[in-house]
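# Commentary on secondary and tertiary structure
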Amino acid sequence: MTFPSQPARGPSAEESAWQGMTLEGSAFGQLRLDVLVAVRRGEAVYRGVSVDSGTPIEVRLALAEAGNKAFLARHADDARALAELAHTTPHLVQVVASGTAAGPSGKLTAFVATESLGGRTLRAQLDARAKGGASLAEALVIFGPVVTALGALHTRGLSHGAFSPASIVFAEISGRSVTKVVDVTLGASGGTEPEPRLEGAELFYAAPEHFKRSYGSTGPATDVFALALVLVEHLSGERALRSSDPTDLYLEVTNLQKRPTPKSRGVSVSDAVEAVFVRALAVDPKKRYDDVPK
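Report on the accompanying structure. (Residues numbered from 1 in each chain as written. Predicted model: local features only at pLDDT ≥ 70, side-chain atom pairs only at ≥ 80, totals over all residues. Heavy atoms only, no water.)

## Focus on the overall build of the chain
Helix and strand counts for the chain stand at 8 helices and 9 strands. Here the C-alpha radius of gyration of the chain, 19 Å, is about what a compact globule of 294 residues would show, namely 19 Å. Referenced to the eigenvectors of the C-alpha coordinate spread, the extents of the chain come out at roughly 55 × 45 × 35 Å. Just so you have it, the chain exposes about 13,500 Å², and 52% of that area is on carbon and sulfur atoms. Looking at charge distribution, the chain has the averaged site of its 31 positive side-chain charges lying 3 Å from that of its 32 negative ones. (Helix = DSSP H or I, 4+ residues; strand = E, 2+ residues; numbered from the N terminus. Rg over C-alpha atoms; globule rule 2.2 N^0.38 Å. Areas by Shrake-Rupley, 256 points an atom, 1.4 Å probe, with all protein chains shown as cover. Lys, Arg positive; Asp, Glu negative; His and termini not counted. Charge placed at Lys NZ, Arg CZ, Asp CG, Glu CD.)

Next comes the structure, spelled out in structure tokens:
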């Protein structure tokens, strides 16, 4: 586990070496990687451009799994499924291309290229908001598109796996404001370790199964847990999980007597609403909803 407030490290030689490279493909043409913008969960994220169209894109390279044939196959299947879903679900980030490329190390590396979104994340909005929470009515409007997007993933057997306020982008597309869910985990299913590798602030939205495999694999119920934590933060104006040390976070997230529900964080909600959160935030994934409540 990684300490949530761990300072950012500098890019590795391999991560830097991908900058300026062009990915070639008969199906998608050329994709140029211009600037390394983030490294998270074993992936390097680059801002780039589709050379043929000039369209700005974001490219995620799964560097930690380079050369892992089983992972490459799972990633390809998940990327294709996400692309199909995004074509019919406007609240999912659109996939431009996916595949594998040989990098500086010579190992085949899975990648997915998605539309580049401007806009602002929910994380940025929460950070800029004046002290205090929001109403349940407001939350239902804001999170409606998010529920639609996560539900679409779950219908295809996919899950986000690392959902947090940074996963929600309020973008301007063709003069319209559109809510998008981004950064869906690809290729994580079937591993032997808790997946995906949450880091830094992502741990504030981790479920028990992120910490210990004995709770089960990550899946739709993991997204339900994370969404509930984000909603509690939106309603209360403070993070649902209060700890900072990873060990303390694990103890907090698995405490059967004290759950991070709205009422426990000082939010006035009905008993019926509280009951929904109690189930969504159950320690045992099997006791949660198996899809986001509508």
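## Quick word on the environment of Leu-203
Assignment of secondary structure puts Leu-203 in the loop between strand 9 (176-181) and helix 5 (208-211). Leu-203 sits in the buried class, given a relative accessible area of 4%. With 41 residues separating them in the primary sequence, Leu-203 and Ala-162 have C-alpha atoms 9.0 Å apart. (Buried < 20%, exposed > 50% of the residue type's maximum accessible area, 1.4 Å probe, protein only.)

## Observations concerning helix 8 (residues 271-280)
Those residues of helix 8 not exposed but buried are Glu-274, Phe-277 and Ala-280. Projection of helix 8 onto a plane perpendicular to its axis shows the buried side chains occupying an angular sector of 120 degrees, all on one side. Facing away from the buried surface of helix 8 by more than 90 degrees, the exposed residues are Asp-271 and Ala-272. Elements that come into contact with the buried residues of helix 8 comprise helix 6 (220-236). (Arc of directions from axis to C-beta. Contact = heavy atoms within 4.5 Å.)

## Re the sheet that holds strand 4 (residues 56-61)
Strand order in this open sheet of 6 strands is 1-2-3-4-6-5, and the pairing throughout is antiparallel. The two strands at the open ends of the sheet, each matched to only one other strand, are strand 1 (22-25) and strand 5 (95-102). Between one strand axis and the next, the sheet turns through 30 degrees on average, direction left out of account. Relative to strand 3 (residues 43-50), strand 2 (residues 29-40) runs antiparallel, the two being bridged by 8 bridges. Bridge pairing links Ala-38 to Val-45 in strand 3. (Pairing = 2+ DSSP bridges. Axes fitted to C-alpha atoms, helices over the stretch in contact; angles between N-to-C directions.)

## Focus: the packing of aromatic side chains
Here the structure, examined in full by the defined rule, presents 2 aromatic pairs. Aromatic side chains Phe-211 and Tyr-250 sit 5.7 Å apart centroid to centroid with 50 degrees between the ring planes, which places their arrangement in the tilted category. Here Phe-211, found in helix 5, pairs with Tyr-250, found in helix 7 (residues 246-253); they are 39 residues apart in sequence, far enough to count as distant. As far as the burial class goes, Phe-211 and Tyr-250 line up, both buried. Taking the ring centre of Phe-204 as reference, the NZ or CZ of Arg-239 above it sits at 3.7 Å. (Phe/Tyr/Trp six-rings, centres within 6.5 Å; stacked < 30°, edge-to-face > 60°. Lys NZ or Arg CZ within 6 Å of the ring centre and 35° of its normal.)

## A few points about helix 2 (residues 69-88)
Taking 1.5 Å as the rise per residue, helix 2 with 20 residues should run 28 Å; its terminal C-alpha atoms sit 30 Å apart, in good agreement. The set of residues buried in helix 2 consists of Phe-71, Leu-72, His-75, Asp-78, Ala-79, Ala-81, Leu-82, Leu-85 and Ala-86. In this structure, the buried residues of helix 2 make contact with strand 5, strand 6 (108-115) and helix 4 (136-155). N-capping of helix 2 is provided by Asn-68, with a side-chain oxygen placed 3.2 Å from the backbone N of Ala-70. (Expected span 1.5 Å × (residues − 1). Polar contact = N/O pair within 3.5 Å; in protein donor to acceptor, adjacent residues only side chain to side chain.)

## A word on the environment of Glu-233
Structurally, Glu-233 can be placed in helix 6. Exposure remark for Glu-233: the relative accessible area of 5% places this residue in the buried category.

## Examining the side chain of Arg-60
With respect to the helices, strands and loops of the structure, Arg-60 is situated in strand 4. Judged by its relative accessible area of 4%, Arg-60 falls in the buried class. Separated by 2.8 Å, the side chain of Arg-60 and the backbone oxygen of Val-184 make a polar contact. Those residues in contact with Arg-60 that lie beyond four places of it in its chain are Glu-43, Ala-44, Val-45, Ala-110, Phe-111, Val-112, Asp-183, Val-184, Thr-185 and Leu-186.

## Considerations on the sheet that holds strand 7 (residues 120-121)
Taken together, 3 strands build an open sheet; the order of strands is 7-8-9 and the sheet is antiparallel. Edge positions in the open sheet fall to strand 7 and strand 9, since each of these has one partner strand only. The strands touched by helix 4 within the sheet are strand 8 (168-173) and strand 9, with strand 9 carrying the most contacts at an inclination of about 50 degrees.

## A short note on the nonpolar core
Membership of the largest hydrophobic core comes to 56 residues, with the highest contact counts inside it found for Leu-92, Phe-143, Val-146, Leu-153, Phe-163 and Leu-227. When residues of this core are traced back to their parent elements, those giving at least two are helix 2, helix 3 (122-128), helix 4, strand 8, helix 6, helix 7 and helix 8. Here this core takes 10 residues from helix 6, the largest share from any one element. Ignoring any residue separated from it by four or fewer positions in sequence, one finds Phe-163 in contact with Val-146, Leu-150, Ile-168, Tyr-205, Ala-226, Leu-227 and Val-230. Ranked by size, the runner-up nonpolar core spans 16 residues in total, among them Phe-28, Tyr-46, Leu-63 and Ala-97. (Core = buried A, V, L, I, M, F, W, Y, C linked by side-chain atoms within 4.5 Å.)

## Digging into the side chain of Ser-167
You can see Ser-167 is positioned in the loop between helix 4 and strand 8. The exposure class of Ser-167 is buried, given its relative accessible area of 2%. Discounting chain neighbours no more than four positions away, the residues touching Ser-167 are His-160, Ala-162, Lys-180, Val-181 and Val-182.

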